[in-house]
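Summary of the model geometry
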Amino acid sequence: MIFTEFKNSKEFSKIRAYPILIVTLPIALIMIFFIIIVRPFFHLKIGLLHSDRIGHFALNTELYLCEKTYFKKKVIELFYYPTKTCNSQLAKIIERKLIVVPRLIGRPFDLIFRRFDFFKAHRTRIDTGDYDVHNLMEKLPTQLSLSKDEIIKGKKILEKFGFKNKKIIPFIIRDQAYLANKNNVIKRNFKYHNHRDDEVKNYESSMLYLAKKGFVVFRMGKLVENKITVKHKNIIDYPFCEFKSDFMDIFLAHQSYFGVTNLTGYDALFVIFRRPMLCLGSLPIGCMYTSSKNYLNTVYHHYSTSLKKNLTLKEIFEMGVAFSFTKKEYDDKNIKLIKFKPHEIKEYVKDMLKFSVNRSLFRNNNLNKKANLHYKALINKYDKEKSYHGKIISSFSIYFLKKNLKTILK
């Protein structure tokens, strides 16, 4: 019976996936004895970095560094990558800021520290995950950044392809291609995220609008389902681009004028580099980006097939889907998410152009003030643990609010 329980445990699955643990775990247990003895004089912590997905890899790490700086944490901490890194350039930047040890060393200690509460004080972790509940992005400069030489390198690459001194606007449109790829670092079924996917064709008129204004638009993505069909010298379908690389993935976000996203992992790069960001259809609604003045939000309609109407913001919270991350949770409540039409996206992009020049125009707008107060009241009521938000200082698209006033403020 004991053997059966162990065989079905998470610990056994990790040992089976990484057999060297049979040797390294006993050695780590012996060494932990000495780590505890010296703890009054030398407090050592060990933990993992979420290296498999770029959103967590970037944002969790940036927040950890911000918290360590802001709260003046004095402790020796070691990290390791539990998987192959999803982006080698981001790993390079992180390794300039943190002590990263081989998985062979870090993994056994981390598994032991996580398994037993007695060792909790030796586990490095970010208490807030990837949510900036202390508004540290507003208070501190970027912790993870490119070097001067790397910036020069990136500019030379763009110049070589005819994009010298151009304002860059990356679009990152979520579809299922990357997470569904069998060669992905992550070996899991991510179909529960499919409700967040969208068609890139819905964004093409907005890309063309910006391109005609002289911006260089990059449709981002490592793997995507479909190529974009619109043609313009200032529109680059980056997944099929000659200079696509891990380095340019990071550089383009770092140099962006602003980013446009329907909320996926890559937008974490806009966040850590403190770039303005248009969030199209923030999901789940209770977890939208609010911790910085750089964020311009919109919300998808939540259509109830039972009630035969679009739900108000208050009803979305009341029905228990404001913090729902899986498609099944929406299906179980008979709620269908209504994605934006191309002309709506273009209007939101027009708002974003104004927002990037004058954020106070949006923050001081009476409709935005009312919407933020209403949203804050709902968060205070339903997010008792204060898990997702600090001070709410983001803005809503004014066009979005004017068009959806009753749905949002009711």
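Bear in mind the structure is a predicted one, so any value in this text is a computation, not a measurement.

Section: the overall build of the chain
Scanning the chain from terminus to terminus reveals 19 helices and 13 strands. In summary, the chain has a C-alpha radius of gyration of 23 Å against a globular reference of 22 Å for 410 residues, a match within 12%. In terms of overall dimensions, the chain has a C-alpha envelope of 65 × 55 × 40 Å along the principal axes. The proportion of buried residues among the 410 residues of the chain is 53%. The contacts of the chain with a sequence gap of at least 6 include a subset with a gap of at least 24, amounting to 72%. Total accessible area on the chain is roughly 20400 Å²; 56% of this is exposed by carbon and sulfur atoms. Averaged over its 74 positive side-chain charges, the chain has a centre that lies 3 Å from the centre of its 37 negative ones.

Structural notes on the sheet that holds strand β5 (residues 216-219)
Sheet strands line up and pair through hydrogen bonds in the backbone, either parallel or antiparallel. Reading across from one edge, β6-β5-β4-β7-β8-β9-β13 is the order of the seven strands in this open sheet, with parallel pairing throughout. Here the strands that pair on one side only, and so sit at the sheet edges, are β6 (235-237) and β13 (395-396). Of the strand pairs in this sheet, strand β8 (residues 277-279) and strand β9 (residues 295-297) are connected by three bridges, and their pairing is parallel. The residue bridging Leu-278 from the neighbouring strand is Leu-296, located in β9.

Examining helix α5 (residues 88-95)
Among all positions of α5, only Gln-89, Leu-90, Ala-91, Ile-93 and Ile-94 are buried. One side-chain oxygen at the N-terminal end of α5 lies 3.0 Å from the backbone nitrogen of Gln-89; it belongs to Asn-87.

Looking at the pairing of strand β4 (residues 168-172)
The element β4 is extensively covered by neighbouring structure, given that five of its five residues are classed as buried. Residues Ile-168, Pro-170 and Ile-172 line one face of β4 and the alternating positions Ile-169 and Phe-171 line the opposite face, and both faces are buried. As paired strands, β4 and β5 are joined by four bridges and run parallel to one another. The partner of Ile-168 across the bridge, within β5, is Val-216. Where β4 meets strand β7 (residues 259-261), two bridges bridge the pair, whose relative direction is parallel. Each bridged residue has a counterpart across the sheet, and for Phe-171 the counterpart in β7 is Val-260.

Notes on the sheet that holds strand β10 (residues 301-304)
Taken in spatial order, the three strands of this open sheet run β11-β10-β12, and their pairing is antiparallel. Two strands bound the open sheet, and with one partner strand each, they are β11 (309-310) and β12 (335-338). Taken together, the two bridges between β10 and β11 define a ladder with antiparallel strand orientation. The residue bridging Tyr-303 from the neighbouring strand is Asn-310, located in β11.

A word on the pattern of salt bridges
Opposite charge on two side chains lets them pair, provided their charged atoms get close. The full count for this structure, using the stated rule, is 14 salt bridges. For Arg-174, the salt bridge identified is with Asp-197, shortest N-O distance 3.6 Å. Highlighted residues: Arg-174 in the loop between β4 and α9 (177-180) and Asp-197 in the loop between α9 and α10 (204-212), separated in sequence by 23 residues. Neither residue differs from the other here; Arg-174 and Asp-197 are each classed as buried.

Observations concerning the side chain of Ser-51
Here Ser-51 shows up in the loop between β1 (44-48) and α4 (54-70). At 3.0 Å, the side chain of Ser-51 and the side chain of Thr-83 are in polar contact. Setting aside anything within four residues of it in sequence, one finds Ser-51 in contact with Phe-57, Tyr-81, Pro-82, Thr-83, Lys-84, Thr-85 and Cys-86.

Here's the deal with unusual backbone geometry
Here Leu-283 and Pro-284 are connected by a cis peptide whose omega angle stands at -15°. Structurally, Pro-284 is set in the loop between β8 and β9. We note that Asn-165 has phi near 55°; this positive angle belongs to a residue other than glycine. Residue position: Asn-165 is located in the loop between α8 (148-160) and β4. For Lys-386, which is not a glycine, the phi torsion comes out positive at approximately 55°. Looking at the secondary structure, you find Lys-386 in the loop between α17 (366-382) and β13. Relative accessible area serves as the criterion here: at 44%, Lys-386 is assigned to the partly exposed category.

Structural notes on the state of the cysteines
The final tally for this structure, using the stated rule, is zero disulfides. No disulfide involves Cys-66; its nearest neighbouring cysteine sulfur is the one of Cys-279, lying 18 Å away. We note that Cys-287 lacks a disulfide partner, and the nearest cysteine sulfur, in Cys-279, lies 13 Å from it. By relative accessible area, Cys-287 is classed as buried at 11%.

Comments concerning helix α11 (residues 246-254)
Within α11, eight of the nine residues are buried, which leaves the element mostly enclosed by the surrounding structure. Along α11, the residues that are buried comprise Phe-247, Met-248, Asp-249, Ile-250, Phe-251, Leu-252, Ala-253 and His-254. Check the buried side of α11 and you find it contacts α4, α5, α8, β4, β5 and α12 (267-272).

Some words on a positive patch on the surface
A surface patch of like charges, here positive, comprises Lys-139, Lys-293, Lys-314, Lys-376, Lys-381, Lys-384, Lys-386 and Lys-391. Its location among the elements puts Lys-314 in helix α13 (residues 313-318). On the basis of relative accessibility, which here comes to 38%, the residue Lys-314 falls in the partly exposed class.

Digging into the environment of Ser-51
Look at Ser-51 and you get buried, because its relative accessible area is 0%. Ser-51 sits 37 residues away from Ser-88 along the chain, and the two C-alpha atoms are 9.9 Å apart.

What counts and how
- For every chain, the first residue of the written sequence is number 1, and numbering continues from 1 along that sequence.
- Per-residue local features of the predicted model are confined to residues with pLDDT of at least 70, and side-chain atom pairs are confined, for both listing and counting, to 80 or more; whole-chain, interface and lining totals are unaffected and use all residues.
- Water and hydrogen atoms were dropped before computing side-chain values, which therefore reflect all heavy atoms in the structure.
- Numbering goes from the N terminus for both helices and strands, where a helix is a DSSP run of H or I of at least four residues and a strand is a run of E of at least two.
- Only the C-alpha atoms count toward the radius of gyration. The rule for a globule is 2.2 Å times the residue count to the power 0.38.
- Partly exposed describes any residue whose relative accessible area lies between the buried limit of under 20% and the exposed limit of over 50%, with all areas from a 1.4 Å probe on protein chains only and scaled to the type maximum.
- Contacts between residues were defined by any pair of non-hydrogen atoms, one from each residue, lying within 4.5 Å.
- Reported accessibility uses the Shrake-Rupley method at a 1.4 Å probe radius. Residues are deemed covered only where the shown protein chains occlude them.
- By the counting scheme adopted, Arg and Lys are positive, Glu and Asp are negative, and His together with the chain ends is not counted.
- To locate a charge, take atom NZ for lysine, CZ for arginine, CG for aspartate or CD for glutamate.
- Two strands are counted as paired when DSSP detects at least two bridges linking them.
- Any N or O atom pair separated by 3.5 Å or less is treated as a polar contact, with the protein-specific requirement of one donor-capable and one acceptor-capable atom, and with residues adjacent in sequence counted only for side-chain atom pairs.
- By convention in these notes, a salt bridge is any Lys or Arg side-chain nitrogen within 4 Å of a carboxyl oxygen on Asp or Glu.
- Cysteine sulfur atoms are paired as a disulfide whenever they fall within 2.5 Å.
- Surface patches are drawn from residues lacking salt bridges whose relative accessible area is over 30%; two like charges belong together within 9 Å, two nonpolar side chains (Val, Leu, Ile, Met, Phe, Trp, Tyr) within 5 Å.

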